[in-house]
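A structural walkthrough
The chain contents come next:
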Amino acid sequence: MKVMVIGGGGREHAIVKKLRENREIDELYVLPGNGGMAREATCVPIGATDLPAIAAFAREKAIDYAVVTPDDPLVLGAVDLLEGQGVPCFGPNKAAAILEGSKAFAKDFMARHHIPTAAYRTFTDPEAALEYVKDCSLPTVIKADGLALGKGVVIAETRQDAEAAVRAAMCEGKFGRSGETVVIEEFLTGPEVSVLAFTDGKTLVPMVSSMDHKRALDGDKGLNTGGMGTVAPNPFYTEAVARQCMEEIFLPTIRGMAAEGRPFKGCLYFGLMLTEKGPKVIEYNCRFGDPETQVVLALLESDLFTVMQAVTEERLSEAEVRFADGAAACVILASQGYPLAYEKGFEISMTEAVRPHLLFAGAKEKDGKLYTSGGRVLGVVARGKDLREALSLAYERVEQVHFENEFYRRDIGKRALEA
Ligand code: AMP
Ligand code: GLY
């Protein structure tokens, strides 16, 4: 079979590696991929949002199956387009991807279906939003409605910050059309948990839970990033919490989407906060998380391609989805300066022994060598019998990779270990 994966980061590298375990796949393409994954798949220089070129490539190569991973092509309707030309896909269609594509939709949806989440107000009029933040409680959370490269959320501690965030989104066009509508919501506290789940619109199978580390620096300091490391499972996510989430959040979500004529098929990501009043949804993502996928798939024992096909064919209830005991950790090696400006183009040196444990996000290949080409360069992954072992192995492996300007967090998993 000929399979293509749309996307190009560490998450896609993890997916590509896992798909490689399936013998039915003879040809595996990744659009655009990156130089670091060229050993496992053929990288094709087509951008993940270039839908016409993606569709043309699928026709030209007679692709049998497509995995659409990033948020933007999903929200733009890549799955509708590909399925329209007869290519079965893993990923939600446009009608279902709105769960991530519009935070206002997601919040109203949760309200309609009594799914626990932070109290909120939606604004389309900047004056009304500015009026509201004059006396709302602080801190307050201001979210651009649409996709904003993970940068659309501001936690404002002061009124000035809240006002500035509203102005930036609604008056200054900081996020383009994504910020024309803004959700302002209650600030919640508690441990955060990411739960990715396979769903075919009827059945939902949660994957092992995980914990992201979003801030750039140790001790959860510095700017928000796309994620500096992950561990799985998440120790705060006990079996009792998992049961509660299934009943109060996961099942009402897929049933609600189906009832509204938007059955969700693919990987649904629940960003949860375990508050004193129970688990609440912080956000939905319509896709695998990055870098959650790197640790979750490290523990997946079942064949990923088989599960994906079961999702597409709406027979997930028959599929086996098994995870290994033990734990996994991923430490992201980034370019100094990320998530702001950074230099790139530095050679990445590594031992051959460590290479199989690296998932590349921002790497370019030239004359058989790899060079940094992004803010997040790669993730170093390890499994262990428990979290402590996984982390110590991951950090040992970090020592076997070098590039100029490298930086990483030294405290990935620390909070989880203390839990
Ligand atoms: P997001 O871009 O939606 O993933 O949000 C980024 C981060 O902002 C989340 O991972 C949370 O840490 C934080 N956040 C979002 N919403 C809230 C909230 N209502 N209360 C507290 N923190 C929040
Ligand atoms: N790790 C967070 C995300 O994928 O959105």
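In this report, we go over the structure that sits alongside the text. Just so you know, these numbers come straight off a predicted model, no measurement behind them.

1. What about the sheet that holds strand β24 (residues 401-402)?
Ordered by their spatial adjacency, four strands build an open sheet running β21-β22-β19-β24, and the pairing between neighbours is antiparallel. Each of the sheet's edge strands pairs with one partner strand only, and the pair in question is β21 (363-366) and β24. Taken together, the two bridges between strand β19 (residues 347-350) and β24 define a ladder with antiparallel strand orientation. Across the sheet, S349 pairs through a bridge with H402, a residue of β24.

2. Some details on the site of ligand 1
Surveying the vicinity of ligand 1 reveals 15 residues, the closest of which are E185, E186, L188, E192 and E283. At 3.0 Å, a side-chain N or O of K143 approaches a nitrogen atom of ligand 1. With the chains in place, 91% of the 480 Å² that ligand 1 exposes on its own is no longer accessible. Within the residue set of the shell around ligand 1, elements represented by two or more residues are β7 (140-144), β8 (153-156), β9 (182-186) and β17 (278-285). Taken together, the residues of the shell around ligand 1 sort by class into eight nonpolar, no polar and seven charged.

3. Re helix α6 (residues 103-112)
Most of α6 sits inside the fold, with seven of its 10 residues counted as buried. K103, A104, F105, A106, K107, F109 and M110 are the residues of α6 that are buried. Immediately beyond the C-terminal end of α6, within one or two residues, lies H114, with a positive phi of roughly 55°.

4. Describing the sheet that holds β17
In space, the four strands of this open sheet follow the order β11-β10-β16-β17, with antiparallel pairing throughout. The outermost strands of the open sheet, each flanked by one partner alone, are β11 (204-206) and β17. Going across the sheet, the axis of each strand differs from the next one's by a mean of 35°, ignoring polarity. Both strand β16 (residues 266-275) and β17 contribute to a ladder of seven bridges, which runs antiparallel. Paired with T275 across the strands is G278, a residue of β17.

5. Some points on the environment of C330
The topology assignment puts C330 in strand β18 (residues 327-335). C-alpha separation for the pair C330 and T293, spaced 37 residues apart in sequence, amounts to 9.7 Å. Ignoring anything within four residues of it in the chain, the contact list for C330 reads G229, T230, P291, Q294, V295, G379, V380, V381 and I412.

Conventions used here
- Residues numbered from 1 in each chain as written.
- Chains lettered and ligands numbered in written order.
- Predicted model: local features only at pLDDT ≥ 70, side-chain atom pairs only at ≥ 80, totals over all residues.
- Heavy atoms only, no water.
- Pairing = 2+ DSSP bridges.
- Helix = DSSP H or I, 4+ residues; strand = E, 2+ residues; numbered from the N terminus.
- Near = heavy atom within 4 Å.
- Polar contact = N/O pair within 3.5 Å; in protein donor to acceptor, adjacent residues only side chain to side chain.
- Areas by Shrake-Rupley, 256 points an atom, 1.4 Å probe, with all protein chains shown as cover.
- Nonpolar A, V, L, I, M, F, W, Y, C, P; charged D, E, K, R; others polar.
- Buried < 20%, exposed > 50% of the residue type's maximum accessible area, 1.4 Å probe, protein only.
- Axes fitted to C-alpha atoms, helices over the stretch in contact; angles between N-to-C directions.
- Contact = heavy atoms within 4.5 Å.

Read these as layout, nothing more, since geometry by itself doesn't imply function.
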